[in-house]
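Structural characterization, general
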Amino acid sequence: MALHEVNRQSENDPIFGSEAINNVAATTKLPQQEQAPNVIYQMIRDELYLDGNARQNLATFCQTWEEDEVHKLMDLSIDKNMIDKDEYPQSAEIEGRCVHMLADLWNAPDSVTTVGTSTTGSSEACMLGGLAALWRWREKRRALGQPTDKPNMVCGPVQVCWEKFARYWDVEMRETKMDDGHYFMTPEDMLELVDANTIMVVPTFGQTFTGLYETVKPLSDALDTYEHDTGNSIDIHVDGASGAMLAPFCAPDIELWDFRLERVKSISTSGHKFGLSPLGVGWVVWRSKEDLPEGLVFHVNYLGGDMPTFALNFSRPAGQIISQYYNFLRLGFEGYQRIHSACYDVCEDLVKALNKFELFEFIFDGNRETGIPAISWRIKPGVELPFSLYDLADRLRTRGWLVPAYSLPTSGNEIVIQRILVKQGFTADLANLLIADFQRSLDFLNSHPTAQCTADDAQSFDHSGR
């Protein structure tokens, strides 16, 4: 009699009929046994459905849409290590091309010979620009026989990366505070804070909180006068996280902000914001080679060949840098201008639509001459509502929209605002659907008075890990 054995782990089993899929995913310990790739892929994919739809995330500055060719280049580059320039010389060449293109875009005196580097994002780029400024200041002080133990930096309301820089490298951060109607650093604010120990002034060219540009030329002019009066020369690092990839295309005639101002020694930006690259790339460029102290550059040879490196990490993927180069070649000046201009056009439509509710006062209306493609608003003074902006943000989440509400870092009374970032892929049609959901949310909140949400209530992730 023939014996038959049933294989209960057949590769032909349907995934949702297999024994493996009935297990709960491991969360704290490594599983003992290996498992079928299609089952584990499905399990993780299913969990990822619980994430939000990135295209509806109107809080993030980062790109949420890429062309198919970018996905293909990322696949081709998944095993390329950007630090290993001897093994991947063409990737290194592409990185250098991007640096020089950015230097030219930002009007460096000699874009072909200046220096810069890619980074994991604009936070690392900011820290490298800050480190170079710190070293330049120390060298000047030592040459004069003066102490170097109390460096400070002066800035307007900034993103957390600058708080990290100040804490990690023991630099005092002198940050001007926001007030009602006073949302960014002015020359008067700055002059109250600078002194001989100031390593740099950092204007943010596209504020995180409001979307407004901090104007650079008035700060530079004030520092020229300050140097004439005191003899203290203070450099500027432009944190161009968003604006440095917007203003050249959409506001070429605004007041000078780039390397055309001699006091601007370095500029940083995010490739993965309005550089339109996938997450994981930033850039920092110095005005000239002399503005990057040689002591900060390390030379390693254990991967083969001499490799100069200035970074806070070591190994990192090359795909995002290659994708940045793809965008530069694919879009050119005209393409970036058309994409970003379309974003500003959507901002204009949103402002008109939101104004019809007669509830909101705009902090920033998305004007391309004064800021990035973003709008920010608060409830009009004197308007009494049975809900807060935190409630509105929470209600919009039920339709998938992330439209954050948060308080400004004010020096006086707390000001709560909401903000929308308009990026590539957020079309006029999607904006129309968003406004319809605003109307639904407002109707619901007006007819269902609720205990008002707080900032903690309006977020979905518990950072404590509990």
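By the naming in an unreviewed UniProt entry, the protein chain goes by Glutamate decarboxylase and is assigned to Photobacterium aquimaris. Word for word, the UniProt comment on the protein chain under Catalytic activity (unreviewed entry) is "L-glutamate + H(+) = 4-aminobutanoate + CO2". According to its UniProt record, the protein chain has this under Sequence similarities (unreviewed entry): "Belongs to the group II decarboxylase family."

**Comments concerning the overall build of the protein chain**
Of regular secondary structure, the protein chain possesses eleven helices and 13 strands. Over its C-alpha atoms the protein chain spans a radius of gyration of 25 Å, differing by no more than 12% from the 23 Å that the globule rule assigns to 466 residues. The dimensions of the protein chain, computed from C-alpha atoms along their principal axes, are 105 × 70 × 45 Å. Out of the 466 residues in the protein chain, the part that is buried amounts to 50%. Carbon and sulfur atoms make up 50% of the accessible area of the protein chain, which amounts to about 23500 Å² in all. Separation of charge centres in the protein chain, based on 40 positive and 67 negative side chains, amounts to 0 Å.

**Points about the domain arrangement of the protein chain**
Assigned domains within the protein chain: domain 1 (72-329) and domain 2 (336-438). Using only C-alpha atoms to locate each centre, domain 1 and domain 2 end up separated by 29 Å. Summed over the three residues of domain 1 that lose the most area to domain 2, namely Cys250, Phe274 and Leu276, the buried surface amounts to 24% of that side. Counting every contact that joins domain 1 to domain 2 gives one salt bridge. In this structure, Asp180 engages Arg378 in a salt bridge whose closest nitrogen and oxygen atoms are separated by 3.0 Å. Summed over the shared surface of domain 1 and domain 2, the result is 13 residue pairs in polar contact (both at pLDDT 80 or more). Elements that contribute at least two residues to the side of domain 1 that touches domain 2 include exactly helix H8 (247-250) and helix H9 (319-355). Among the elements that make up the side of domain 1 that touches domain 2, the one with the highest residue count is H9 (three residues).

**Here we look at the UniProt feature "modified residue: N6-(pyridoxal phosphate)lysine" (unreviewed entry) in the protein chain**
Mapped onto the present numbering, the UniProt feature "modified residue: N6-(pyridoxal phosphate)lysine" (unreviewed entry) falls on Lys273. Considering the arrangement of structural elements, one finds Lys273 in the loop between strand S6 (264-270) and strand S7 (282-286). Apart from the residues lying within four places of it in its own chain, the contact partners of Lys273 are Phe61, Cys62, Gln63, Ser122, Ala241 and Ser242.

**Describing the sheet that holds strand S11 (residues 374-379)**
One key point about sheets: their strands pair by backbone hydrogen bonds, in either a parallel or an antiparallel sense. The strand order across the open sheet formed by four strands is S10-S11-S13-S12, and the pairing between neighbours is antiparallel. Looking along the sheet, the strands with just one partner apiece sit at the ends: strand S10 (360-364) and strand S12 (405-407). Strand-to-strand, the axes of this sheet are offset by a mean angle of 35°, without reference to chain direction. Pairing of S10 with S11, which is carried by four bridges, proceeds in the antiparallel orientation. Within S11, the residue paired with Glu361 across the bridge is Arg378. Taken strand by strand, helix H10 (residues 389-397) contacts S10, S11, S12 and strand S13 (416-421), and its axis lies near 35° from that of S13.

**Concerning the side chain of Glu175**
Along the chain, Glu175 turns up in strand S3 (residues 172-175). Judged by its relative accessible area of 18%, Glu175 falls in the buried class. A distance of 3.1 Å separates a polar side-chain atom of Glu175 from the backbone nitrogen of Val158. Dropping the residues within four chain positions of it, Glu175 is found in contact with Cys155, Gly156, Pro157 and Val158.

**Section: the packing of aromatic side chains**
Scanning all chains against the criterion turns up 13 aromatic pairs. Residues Trp401 and Phe426 carry aromatic rings whose centres are separated by 6.2 Å and whose planes lie at 85° to one another, so their mutual orientation is edge-to-face. You can see Trp401 sitting in the loop between H10 and S12 and its partner Phe426 sitting in the loop between S13 and helix H11 (428-447), a full 25 residues away along the chain. Each of the two residues, Trp401 as well as Phe426, counts as buried. Members of the aromatic cluster, connected to one another through ring pairs, are Trp162, Phe165, Tyr168 and Trp169. Directly above the aromatic system of Phe61 lies the positively charged group of Lys273, at a separation of 5.4 Å from the ring centroid. Lying across the ring of Phe444, Arg395 places its NZ or CZ 3.6 Å from the centre.

**Observations regarding the packing of H10 against H11**
Two elements in contact, H10 and H11, have axes separated by 9 Å at closest approach and are oriented at 120°. As summarised for this structure, H10 and H11 are arranged oblique, according to the angle between their axes. When the axes of H10 and H11 are compared, the crossing they make is right-handed. Contact residues: Asp391, Leu392, Arg395 and Leu396 in H10; Asp437, Phe438, Ser441, Leu442, Phe444 and Leu445 in H11.

About the cut-offs
Residues numbered from 1 in each chain as written. Predicted model: local features only at pLDDT ≥ 70, side-chain atom pairs only at ≥ 80, totals over all residues. Heavy atoms only, no water. UniProt positions renumbered as here; feature names shortened; annotations may be inferred. Helix = DSSP H or I, 4+ residues; strand = E, 2+ residues; numbered from the N terminus. Rg over C-alpha atoms; globule rule 2.2 N^0.38 Å. Buried < 20%, exposed > 50% of the residue type's maximum accessible area, 1.4 Å probe, protein only. Areas by Shrake-Rupley, 256 points an atom, 1.4 Å probe, with all protein chains shown as cover. Lys, Arg positive; Asp, Glu negative; His and termini not counted. Charge placed at Lys NZ, Arg CZ, Asp CG, Glu CD. Domains from an automatic or database assignment. Buried area = accessible area lost by both parts, 1.4 Å probe. Salt bridge = Lys/Arg side-chain N within 4 Å of Asp/Glu carboxyl O. Polar contact = N/O pair within 3.5 Å; in protein donor to acceptor, adjacent residues only side chain to side chain. Contact = heavy atoms within 4.5 Å. Pairing = 2+ DSSP bridges. Axes fitted to C-alpha atoms, helices over the stretch in contact; angles between N-to-C directions. Phe/Tyr/Trp six-rings, centres within 6.5 Å; stacked < 30°, edge-to-face > 60°. Lys NZ or Arg CZ within 6 Å of the ring centre and 35° of its normal. Parallel < 35°, antiparallel > 145°, perpendicular 65-115°, else oblique. Left-handed = near helix turned anticlockwise from the far one by under 90°.

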